[in-house]
Amino acid sequence: YHIDAMMELAFLHLEQKLTSSDQDEINSESYHKTQGLAWLQQAYNHGHLQAAYELAVIYEYAKYGVEVDVVKAAEWFAFAARSGHVDSMYEYAMCLELGCGVEQNDQEALDWYTKAANAGCVISNYSVGEWFESARGGLPQSDTEAVLWYYKAAVLGDEDSKKALIRLKDIARIVVPGWATTLNV
């Protein structure tokens, strides 16, 4: 199986770029939608993690005429997250934090935010910092820990983290000496 070809076929169907003069069914929107989703699922089944992420986004944002289905979106984010897809780890954490498509679970949300942060997701570093700053998910309130997580995100270019460090500047100057110079703020 050539999974990149599966992905290409999926989007050709979803964007309705495949037509035939032989059958009206092949030219119908519902046919293309069904085929596109099926090809994405096949690509995921054969190891293409981005396919699960794409399916989740399609269901979350009602792309290509697919109806919003937050339960399916959360399921696909979870499949991809469990397989190591970093953006899906963050998205699944948000689903868990907000109870969107899944049962709300702060502990599991924090776990996925942390996994995503450790895998290089900038915004997840910021999220973990927020959780420490506000003592969410059973964490003890710790501006020191928050500063460390904000700093990781700020070094990677996250503007909200830079603002958080400025807000916590008295603690940041002790925890991360020279942070302002390093970040040019």
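The residue numbering used here restarts from 1 in each chain and proceeds along that chain's sequence as written. Restriction of local features to residues with pLDDT of at least 70 applies here, the model being predicted, together with a cutoff of 80 or more for giving and counting side-chain atom pairs; totals for whole chains, interfaces and linings are based on all residues. The basis for every side-chain value is the complete set of non-hydrogen atoms in the structure, without hydrogens or water.

**Quick notes on unusual backbone geometry**
Phase 1: Despite not being glycine, Tyr-64 has its phi angle at roughly 60°, a positive value.
Phase 2: Counting from the N terminus, the helices are DSSP H or I runs at least four residues long and the strands are E runs at least two residues long. As for its position among the elements, Tyr-64 is in the loop between helix H3 (49-61) and helix H4 (70-82).
Phase 3: Given the relative accessible area of 27%, Tyr-64 is considered partly exposed.
Phase 4: Although it is not a glycine, Ala-135 adopts a positive phi angle of roughly 55°.
Phase 5: Within the secondary structure, Ala-135 is located in the loop between helix H7 (122-134) and helix H8 (143-155). For the exposure calls, accessible area comes from a 1.4 Å probe over protein chains only, and a residue counts as buried if that area is under 20% of its type's maximum, exposed if over 50%, partly exposed in between.

**Structural notes on the side chain of Ser-88**
Phase 1: One can find Ser-88 in helix H5 (residues 86-98).
Phase 2: For Ser-88, a relative accessible area of 0% corresponds to the buried category.
Phase 3: Residues are treated as being in contact if the distance between any of their heavy atoms lies within 4.5 Å. Aside from chain neighbours lying at most four places away, what touches Ser-88 is Tyr-53, Phe-77, Ala-80 and Ala-81.

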